[in-house]
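Structure assessment
Listed below are the residues making up each chain.
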Amino acid sequence: MKKPVHNPREVAEIVAIQALSFVASEPERLGLFLAETGVGPETLRNAASDPNFLLSVLDFVLRDDDTVKAFAKAAELHPTNVAAARQVLGDALGAPTWERDVP
């Protein structure tokens, strides 16, 4: 039986790793992500241990409504939980908080 995780940063990193797995599950999406980040397929596994890289994964997923909804559904999360994970991880790393443009 797995021990429950209560540390918000650890939970955020788990969500980000799930998001990376989701991105990697579709070749077209993965190709776009790799092109945008400059990470090569051969270094993807090592990059996944970097919290700043995980933050970029969440940013990639969150930038498009359809993508975040698809990931949230696949991970059995509410889309706001994905955004919350990005917020927690960004705060922990001192990354600036972004706000989505609302028309």
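Residues numbered from 1 in each chain as written. Predicted model: local features only at pLDDT ≥ 70, side-chain atom pairs only at ≥ 80, totals over all residues. Heavy atoms only, no water.

Opposite charge on two side chains makes pairing possible when the charged atoms of those side chains draw close. Inspection of every chain in the model, using the stated rule, returns four salt bridges. A salt bridge links Glu26 to Arg29, with the nearest nitrogen and oxygen atoms 3.4 Å apart. With a closest N to O distance of 2.6 Å, Glu36 and Arg63 form a salt bridge. Taken as a pair, Glu36 in helix α2 (residues 27-37) and Arg63 in the loop between α4 (51-62) and α5 (65-75) lie far apart in primary sequence, 27 residues in all. (Salt bridge = Lys/Arg side-chain N within 4 Å of Asp/Glu carboxyl O. Helix = DSSP H or I, 4+ residues; strand = E, 2+ residues; numbered from the N terminus.)

In total, this model carries three aromatic pairs according to the counting rule given. Here Phe22 and Phe71 contribute two aromatic rings whose centre-to-centre distance is 5.6 Å and whose plane-to-plane angle is 55°, an arrangement assigned as tilted. Here Phe22, found in helix α1 (residues 8-24), pairs with Phe71, found in helix α5; they are 49 residues apart in sequence, far enough to count as distant. An identical accessibility class is assigned to Phe22 and Phe71; each is buried. Aromatic pair Phe33 and Phe60: ring centres 5.1 Å apart, planes at 70°, arrangement edge-to-face. Placement of Phe33 in helix α2 and of Phe60 in helix α4 is noted, with a sequence separation of 27 residues between them. We note that Phe33, like Phe60, is buried. Three or more aromatic residues link up through ring pairs in this structure, and these residues are Phe33, Phe53 and Phe60. (Phe/Tyr/Trp six-rings, centres within 6.5 Å; stacked < 30°, edge-to-face > 60°. Buried < 20%, exposed > 50% of the residue type's maximum accessible area, 1.4 Å probe, protein only.)

Interhelical geometry of α4 versus helix α6 (residues 79-93) gives an angle of 150° and a closest axis separation of 10 Å. Along this stretch, α4 crosses α6, giving a crossing that reads as left-handed. Note on element contacts: α6 touches α4 through Val82, Ala83, Ala85, Arg86, Leu89, Gly90 and Leu93, opposite Pro51, Asn52, Leu54, Leu55, Leu58, Asp59 and Leu62. Looking at side-chain class alone, the contact of α4 with α6 contains ten nonpolar, two polar and two charged residues. (Axes fitted to C-alpha atoms, helices over the stretch in contact; angles between N-to-C directions. Left-handed = near helix turned anticlockwise from the far one by under 90°. Contact = heavy atoms within 4.5 Å. Nonpolar A, V, L, I, M, F, W, Y, C, P; charged D, E, K, R; others polar.)

This brings us to unusual backbone geometry. In this model, Glu76 sits at a positive phi of 55°, which is unusual for a non-glycine residue. Note on placement: Glu76 falls in the loop between α5 and α6. A relative accessible area of 73% means that Glu76 is categorised as exposed.

Attention shifts here to the environment of Asp65. Structurally, the position occupied by Asp65 is in helix α5. With 14 residues separating them in the primary sequence, Asp65 and Pro79 have C-alpha atoms 9.1 Å apart.

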